[in-house]
Amino acid sequence: MYNIDNFCYSIWGTSYEKVYKSLTKKEYRSFKIPKKGGMRTIHYLERTDPVFVYQQKLLTRFLEKQPLPVCVKGFRKGESYRSFLAEHIGAKFYMRMDIVSFFPSIHSSWIRETIAGFLWCKPEEDKEKLLSLICNLVTLDDALPQGACTSPAVSNLVMARLDQRITKYCQVFNVRYTRYADDLLFSSQDFDFSNSRWFIKKMQTILNTRHLKVNFSKLQFGEMEFALNGYVISDSSIRLSRSRLSDIWRVLKFAVLNCTLLRQNKKNDFLNNANQLQLKHRDLTKQPFVNGFQFSQYLCGYRSFLISMVDVNASDTYFQKSLKKLIVKIEKTINTLDDSGLL
């Protein structure tokens, strides 16, 4: 049981008034990144911004401590994109659904209602003040901003009841379900999703209870194997698709061959040449590398993805060995580029 003072001091180490006053100075910055059919706006705060500091403390000391359904695999300690996929190894039929404008669709009223279930306060006035404070802290223009450190955890909490409803409905038909942010993945041994449109309508109905919409342009079906975001789920494992691997190797080969340009202080030539690469998972005509940091972060991103795919509990299969070798190769390339003056 909280009152307003012990909650604020236990979470933020300061008074309600100090946190409240800082919220009038939320200075989000933004940038746009391409997505299928348009652009996505990312809002973020500098790490030195007091509001970011308060968000981070709220995240680690309160939001991440709340229980979640087992189907939630994204932005959760001990889970990863690999565990999101691994639940479905060995299935025959697959379906992937995507939610339109996921974070912007989560509004303050829904957040407030959800957080209220985790706050036990006396007097009631304290609870209302804390709910208003938390909602103000984690939202921008009355919705979750994509890019804020608290948004993924808040989205998991507000989605929990919908996840439970979907899970219970799936259990009736022996369907497995996992969710990673706005990606919903279903699988079964004998339930053919592509011939069961009523099942899709039921999922849409459940999501619509919170005004969430299915992105039908991203609806995917599969049988025996299923490819998603460069990964392939099969009857016995998860592996990287050939197109994803070809992108990684193409960029690594380019970096090795063009390192001399960096040593000659010709960074612009290096980037111009890099932007001529033909990649299957990134359109460099729409999203070119504009500086050395972006190129380095591209490799770092692949390294993180590959690390998430390493299964420490699995035997050293050919795929696992290949992953580890590729991770080492990427790390060596990043170090070589940095030493050559990329950054």
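Asks: Tell me about unusual backbone geometry, and name the residues and values.
Replies: In the Ramachandran plot, Phe-75 falls in the positive-phi region, its phi being about 55 degrees despite a non-glycine side chain. Phi at His-211 takes a positive value of approximately 60 degrees, unusual for a residue other than glycine.

Asks: A description of the pairing of strand β4 (residues 176-180) should follow, citing residues and the corresponding values.
Replies: With five bridges joining them, β4 and strand β5 (residues 183-188) adopt antiparallel strand pairing. From the neighbouring strand, Tyr-180 faces β5, where its bridge partner is Asp-183. Taking the residues between adjacent antiparallel strands as the criterion, β4 and β5 are bridged by two residues, where Ala-181 takes a positive phi near 60 degrees.

Asks: Outline the sheet that holds strand β6 (residues 220-223), supporting the account with residue identities and numerical values.
Replies: Where strands meet in a sheet, backbone hydrogen bonds hold them as pairs that are either parallel or antiparallel. In space, the four strands of this open sheet follow the order β4-β5-β3-β6, with antiparallel pairing throughout. For this open sheet the edge positions go to β4 and β6, each flanked by a neighbour on one side alone. Each strand axis lies, on average, 15 degrees off the axis of its neighbour in the sheet, ignoring direction. The sheet contacts of helix α7 (residues 151-172) involve β4 and β5, and relative to β4 the element is tilted by about 165 degrees. Together, β3 (93-98), β5 and β6 form the strand contacts of helix α8 (residues 197-208), whose direction differs from that of β3 by roughly 30 degrees.

Thresholds, definitions, all that
Residues numbered from 1 in each chain as written. Predicted model: local features only at pLDDT ≥ 70, side-chain atom pairs only at ≥ 80, totals over all residues. Heavy atoms only, no water. Pairing = 2+ DSSP bridges. Helix = DSSP H or I, 4+ residues; strand = E, 2+ residues; numbered from the N terminus. Axes fitted to C-alpha atoms, helices over the stretch in contact; angles between N-to-C directions. Contact = heavy atoms within 4.5 Å.

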